[in-house]
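Architecture and fold: a report
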Amino acid sequence: MSAFVPFAGLFLLLAPILVVFYLLKVRRQDHEVASTLLWRHLTRDVTAHEPWQRLRWNPLLLLQILVLTALVAALIRPYLRLPGTAAGFEVVVIDGSASMAAADVSPSRFDAAKAAARSIVAHLGAGIQAAVIETGDSPRTLVGATADHGALNAALDAAHPTVSQTQMRNALELALALAKAHPGGRIDIISDGAFGDVSDLGSTGVPIHFIAIGGRGDNQAITALSARPDPVAPNRYTVFVRVDNDSTTAAANVLSLLADGRLVDTKPVTAAAGATQGFVFDKVPTGAQVVEARLGGKDSLLLDNQAFLLLHQQAPARVLLVTNGNPFLLAALRYMPISLFQATTSQLGLVNADTYDVVVLDGVVPPILPKGNLLLVNPPNTPLLPSAGAVGPLQVTSERTDDPVLQYVNLTSLVVRSGEKVTPPGWARVLADDNGAPLLLVGQTQGHTIAALPFSLQQSNLPLLSAFPILLANVMDFLAPGQTADIVNAPSGGPLLIQPLPQATRIEVQRPDHSVVAVPMGQGPSVAYADTDEVGLYVVTEKAGSRVLFQQTYAVNLLSSRESDIRPATAPSFANTTSDANLAGTGGPTVAPFELWPYVALLAALLLMAEWWWYHRRA
Amino acid sequence: MISPAPLTGRPAARPLLDAALFRQLEQLTLVNRRRLATSGKGERRSLRRGSSLEFVDYRQYTPGDDLRQIDWNVFGRLDNLVLKLFEDEEVLSVHFLIDVSRSMDWGTPNKLDYACQVAAALGYVALTGYDTVEVLALADRAPRHFGPARGRSGVAGLFRMLGELSGVGRTDLDGNCRLFAGRPRPPGLVLLFSDLLDPTGYEKPLSRLRRQGHEVVVLHHLSPQELRPDEAGDLRLVDRETGESMEVTIDQRAIDQYLARLGDWQRQIAGFCRRHNIAYHVLDTSRPLAQLLFRDLRLHGVLA
């Protein structure tokens, strides 16, 4: 047995003081009697306060010393070491990304992770609180701090993997915030390790325990699927498919392409171990709406064996470029499949900017923003994007390459001679920056989807980089999804953002398994549907009563090389590592303190009651 | 609880006895359980043969006897000279030994006050019965003395003396009794008014009185506060006689122990008195005087 606060034992020094109270002469009231002759023999039995005499036996003194001892024993917080979790607070981060659906561990990695989490919960000490966070493309707190094992297990039972990449950084930051808020906080990451580098979060002082899930899994995966319209016949598409062989052996598989459910073509896959192979299909029928790439055979992860692509036949997006002359912007936008319009800053008040899907504002931000989505280039200092002044030269020191906006974009050679040091507002997320000075921001605010390049293109080498047109294409796809890009892509694992028509009263989503769920209508301009936990086509139908107003199909694909690579990954360098097999062993991960102070305090209360009873019994 | 009533000091001077009691007291007589050989002619029967009208016995005539006492009727019938004996009537000496130590001057009602009232009543009975009354106040200083007196003429002096008694000094039963015994007196009735709270004990003085041939009656005065104490808490008990103090924590257990001790003490005194042919009576000073005189003391054979 040990104690958390052993120094509290110094309070036992009060015991001699208690004894001194019994030795001290108390102030007594004089009472005259005829003679003390008959009282003398009583003094030996009932006088307890004769000053400075040998301490006589007194049950009250004994009880009071026992009460003091029990109180001090409670104060030092004694505990027993019992099998369980040593932490005072446990944060369990369970990886719910697509790779956790791999079946190299029976029945799946995610089920093994849930079993490991249940083992942690089962070994929690009495009264020890825990929280469970599931991480996919965003962290999700399954259950907050609670010592209720039933609630924790129920949350784990309800957890399911998503079709998304692991954003472990966000989850770990949330877990750290929770762990730091409680004394003795500890974090357990249960994952297959398929996440980026988060080593910079390891020096926070919070113990992090990494529980590795997964074995040696072989997997071939479709990691890219895109289509490009034929320059001559825009209704004809050329489809590009990339297959990764994340196996230890060479792939021997067949890749099929289906258009609207009919087989178009098949190609053999012969990629070596760890190699990537690209395929181009140019026999897609004219007018096809949906193409599907499908890998034959079965491997450890089935999610990435098929991918869907929507070939939108919609009218190109209407884009208004407001600039006083920017040939780079104009040239790049002109070659994009959009309807481009141009105006100068002085003409901005004369045109109806609200009718455009996207407004590109170069060096200007009007007081009243147009209704459409915005691309801000070199914006002035405004409350929308406050600036702390000019700064430069700038180079990209960190970038979020996993964001769709930076897909296929390499900004490492970007140099900005002078730009605005923008203070990132709350609505924006920084995709590229130079030591905190943002170079690319995206986000949503006031009903607008906004992308911002806070520097003048003429003050940088960006227009000269090959990444520039790709970045603009990605930005346009971000600002007008499905309308602008020649590479038609679909959301990957994340929530479907639905912008319902004003007259819509009901939104229904038909899932890939053809089940239909109703999405609650919110008060905001958009509605999110997050249960995209299956790969396939999601059909969103907006209704007014029983009348169908609008129907939109979304394709949900994994298309992530990182998630498809289910080979054993190394644990974060800062974390202690164990395997799920250890968790199944005896005693769990460690031993937990079982605090005894509540019982000792109860004993003190009982002793106090006994002392009270004894005192009044004598009186 | 501490009794709010003052336990010490006698109340303001007031008549020792109510006037209504005197007529009733004249009906009573002090009882001496044994015939005492006393001197002087009185109204009590003597062990000696005397000249009263009460016939006792016959005896043979011997030369020198008073010829007036020969029963001539017997001589006429039996031709034998016998003397007719009559009981002699003597005077009874009644001695009141009153403990006037400070311990007696305590309690509500005051023990000394009560003792003086009882002594006045019994003295009145004795004086009106033509007994000789003598009062000795027992104190550690020069004892006050009254008597001997006889007849109603002594009542005023007796009452005056009793009315002037107050508690002084410590109890010294043995010294006072030795002083009392040092003066030659005919055996008489000795009534001791005391609380017997004498650290030197009560055995020697009582034995000394018995050896003098006195009939001894101990009237043990105890106040209600001594018989039924109701103090409680942490107290410093101050001895009224010695001024010594002792600290006690009085609770029910202590009270019980005190009462047990008091009971043992009373039983020891009663046993001693029984063995020495001494009458012993406990007087609760809260007992109304009339009930004590006309009921309790008659019941105990002190008065008749």
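Provided above is the structure to which this section pertains.
Attention now moves to the overall build of chain A. On a plain count of helices and strands, chain A comes out with 11 helices and 35 strands. For chain A, the proportion of contacts with a sequence separation of at least 24, taken over those separated by at least 6, is 70%.

What follows is about the overall build of chain B. Regarding its fold elements, chain B presents 9 helices and 10 strands. Taking all 304 residues of chain B together, 39% fall into the buried category.

Moving on, we get to the pairing of strand 8 (residues 208-212) of chain A. Residue and element names in this part refer to chain A. Burial of strand 8 is extensive: 5 of the 5 residues sit out of reach of the surface. Where strand 7 (residues 185-191) and strand 8 come together, 5 bridges link them in parallel fashion. The partner of Ile189 across the bridge, within strand 8, is Phe210.

Attention shifts here to the sheet that holds strand 16 (residues 318-322) of chain A. Residues and elements named next belong to chain A. Spatially, the 8 strands line up as an open sheet ordered 17-16-18-19-27-26-25-22, and their pairing is mixed. Only two strands of the sheet have a single neighbouring strand rather than two, namely strand 17 (339-343) and strand 22 (398-399). Two elements, strand 16 and strand 18 (residues 358-362), share 4 bridges in a ladder whose sense is parallel. Paired with Val322 across the strands is Leu361, a residue of strand 18. In this fold helix 7 (residues 327-334) packs onto strand 16, strand 17, strand 18 and strand 19 (373-377), with an angle of close to 170° to the strand it touches most, strand 16. The sheet strands contacting helix 8 (residues 467-479) are strand 18, strand 19, strand 26 (437-445) and strand 27 (448-453), and the helix crosses strand 27 at an angle near 160°.

Residues and elements named next belong to chain A. Spatial strand order, 30-29-32-33: 4 strands in an open sheet with antiparallel pairing. Each edge of the open sheet carries a strand with a single partner, namely strand 30 (516-519) and strand 33 (547-556). Pairs of neighbouring strands in the sheet enclose a mean axial angle of 25°, with direction left out of account. Note: strand 32 (residues 536-544) against strand 33, 9 bridges, orientation antiparallel. For Val539, the partnering residue across the bridge sits in strand 33 and is Thr553.

Over its 13 residues, helix 6 (residues 168-180) of chain A extends 18 Å from the first C-alpha to the last, a length consistent with the 18 Å expected when each residue adds 1.5 Å. Among the structural elements, strand 4 (89-95), strand 5 (129-135), strand 6 (139-146) and strand 7 of chain A are those in contact with the buried residues of helix 6 of chain A.

Moving on, we get to the environment of Glu203 of chain B. Relative to the elements of secondary structure, Glu203 of chain B occurs in helix 6 (residues 203-211). In this structure the C-alpha to C-alpha distance between Glu203 of chain B and Ile269 of chain B, which are 66 residues apart in sequence, comes to 8.4 Å.

Mapped onto the elements of the fold, Pro148 of chain B is located in strand 5 (residues 145-150). Those residues in contact with Pro148 of chain B that lie beyond four places of it in its chain are Ser93, Thr132, Val133 and Glu134 of chain B.

As a further point, take unusual backbone geometry. With an omega of -5°, the peptide bond between Ser106 of chain A and Pro107 of chain A qualifies as cis. Along the chain, Pro107 of chain A turns up in the loop between strand 4 and helix 4 (109-122). Despite not being glycine, Arg77 of chain A shows a phi value in the positive range, around 55°. Tracing the sequence through the fold places Arg77 of chain A in the loop between helix 3 (59-75) and strand 3 (78-84). Unusually for a residue other than glycine, Leu196 of chain B sits at a positive phi of about 60°.

For the rest of this paragraph, the subject is the nonpolar core. In terms of nonpolar packing, the biggest core is built from 85 residues, with Val93, Ala117, Val132, Ile190 and Val241 of chain A touching the most fellow members. For this core, the leading source of residues is helix 4 of chain A, giving 7 residues. Discounting chain neighbours no more than four positions away, the residues touching Val93 of chain A are Ile133, Thr135, Ala171, Leu172, Ala175, Ile187, Asp188, Ile189 and Ile190 of chain A. Counting 72 residues, the second-largest nonpolar core is a separate cluster that includes Ala139, Phe146, Leu197 and Leu206 of chain B.

Definitions and limits used
- Residues numbered from 1 in each chain as written.
- Chains lettered and ligands numbered in written order.
- Predicted model: local features only at pLDDT ≥ 70, side-chain atom pairs only at ≥ 80, totals over all residues.
- Helix = DSSP H or I, 4+ residues; strand = E, 2+ residues; numbered from the N terminus.
- Contact = placed C-beta atoms within 7 Å.
- Buried ≥ 20, exposed ≤ 12 C-beta atoms within 10 Å, placed from the backbone.
- Pairing = 2+ DSSP bridges.
- Axes fitted to C-alpha atoms, helices over the stretch in contact; angles between N-to-C directions.
- Expected span 1.5 Å × (residues − 1).
- Core = buried A, V, L, I, M, F, W, Y, C linked by C-beta atoms within 7 Å.

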